[in-house]
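Structural description and commentary
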Amino acid sequence: MGEHSWAASPAAAERARSVLATAWSCAVTADGGREEFVGAHTVAEDGRVLLQVPEDSALLAAAICAPRGEPSAVLEFADVSPVPVRNRIRARLWLAGWFVPEEGDLAFRATRVVLRRPSGAVVVDLDEFAAAAPDPLATAEARLLTHLADCHSDAVERLTRLVEPDSLHGAVKVQPIAVDRHGLTLRIERTRAHGDVRLPFHRPADDVAQLTERMHVLLTQASAASCPRALQRQRTDGDG
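So, a few notes on the structure that sits alongside this text. (Residues numbered from 1 in each chain as written. Predicted model: local features only at pLDDT ≥ 70, side-chain atom pairs only at ≥ 80, totals over all residues. Heavy atoms only, no water.)

**Some thoughts on the packing of aromatic side chains**
By convention here, two paired aromatic rings are described through the distance between centres and the angle between planes. Enumeration over the complete set of coordinates arrives at 1 aromatic pair. The lysine or arginine in question, R17, covers the ring of F129, its NZ or CZ lying 5.6 Å from the ring centre. (Phe/Tyr/Trp six-rings, centres within 6.5 Å; stacked < 30°, edge-to-face > 60°. Lys NZ or Arg CZ within 6 Å of the ring centre and 35° of its normal.)

Put into structure tokens, the structure is as follows:
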């Protein structure tokens with residue numbers, strides 16, 4: 001049990017910066033209109049979003065023509081699970097603020113940051129947001145999770161031995177849907193519902209090499225645990 005003394009999860013500011021670092025698309029609502037941009041944004045070290053827009057974009061025209069060059073806008077980013085599961089949106093991030101033309105791009109200066117997760121929405125402190133860094137595993141997460149789900153389903157099943165049996169009641173499938181420096185999250189899918197269970201690491205992992213060691217610790221603990229009865233029934237009855 002001492003191995004699981006570390007139960008932290010990413011702070012809201014770190015989670016928000018991780019969403020920014022990995023999101024591929026961005027929805028912008030400004031001047032009464034909404035535009036979708038794919039692969040068009042980058043993020044500065046202080047969290048400012050730099051958006052490349054076409055010359056005929058209404059958003060660019062609004063930024064140039066608005067008083068003081070600062071139109072009000074809202075940016076929306078979605079954090080999508082790389083592993084196919086029910087309800088793949090793991091979090092949404094909204095930034096409210098203003099665009100300023102800057103060296104051919106539009107630089108967005110946020111005045112409000114809101115992160116919504118399944119547990120609810122939280123307003124992120126602007127100073128904490130600017131100072132935070134993305135989770136060190138954020139850019140590798142999609143590759144790591146899909147590899148675990150596609151090539152190591154036996155390991156995923158073994159990890160369910162660390163889950164309380166009641167959480168596995170009625171389970172038809174278990175998939176890894178998130179990993180960060182603090183732990184691994186499993187999605188437990190049932191016929192008409194689902195739930196997530198977090199397996200914390202014994203200490204944070206700051207890179208992929210450390211993550212490998214943390215996963216080995218979890219798997220060793222799982223191998224020493226008994227197989228939950230709910231999962232035994234699942235294997236006997238099939239996926240339904």
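**What to know about the sheet that holds strand β9 (residues 173–180)**
If you trace the 3 strands from one edge of the open sheet to the other, you get β9-β10-β11, paired in antiparallel fashion. The sheet is open, and its two edges are formed by β9 and β11 (194–200), each paired on a single side. Within the sheet, the average angular offset between the axes of one strand and its neighbour, ignoring direction, is 25 degrees. Both strand β10 (residues 183–189) and β11 contribute to a ladder of 7 bridges, which runs antiparallel. Residue G183 lies in a different strand from β11, and its bridge partner there is P200. Along the sheet face, helix α4 (residues 141–151) touches β9 and β10 and points at about 155 degrees away from the line of β9. (Pairing = 2+ DSSP bridges. Helix = DSSP H or I, 4+ residues; strand = E, 2+ residues; numbered from the N terminus. Axes fitted to C-alpha atoms, helices over the stretch in contact; angles between N-to-C directions. Contact = heavy atoms within 4.5 Å.)

**Overview of unusual backbone geometry**
With a phi angle near 55 degrees, N87 is a residue other than glycine that sits in the positive phi range. Topologically, N87 is positioned in the loop between β5 (72–80) and β6 (89–102).

**Things to note about helix α2 (residues 58–65)**
Every buried residue of α2 is accounted for by L59, L60, A62 and A63. Viewed along the axis of α2, the buried residues span an arc of 160 degrees, placing them on a single side of the element. Residues A58, I64 and C65 are exposed on α2 and point more than 90 degrees away from its buried face. Buried positions along α2 lie against β1 (25–30), β2 (33–38), β4 (49–51), β6 and β7 (105–117). Two or three places before L59, at the opening of α2, S57 has a side-chain oxygen 3.1 Å from that residue's backbone nitrogen. (Buried < 20%, exposed > 50% of the residue type's maximum accessible area, 1.4 Å probe, protein only. Arc of directions from axis to C-beta. Polar contact = N/O pair within 3.5 Å; in protein donor to acceptor, adjacent residues only side chain to side chain.)

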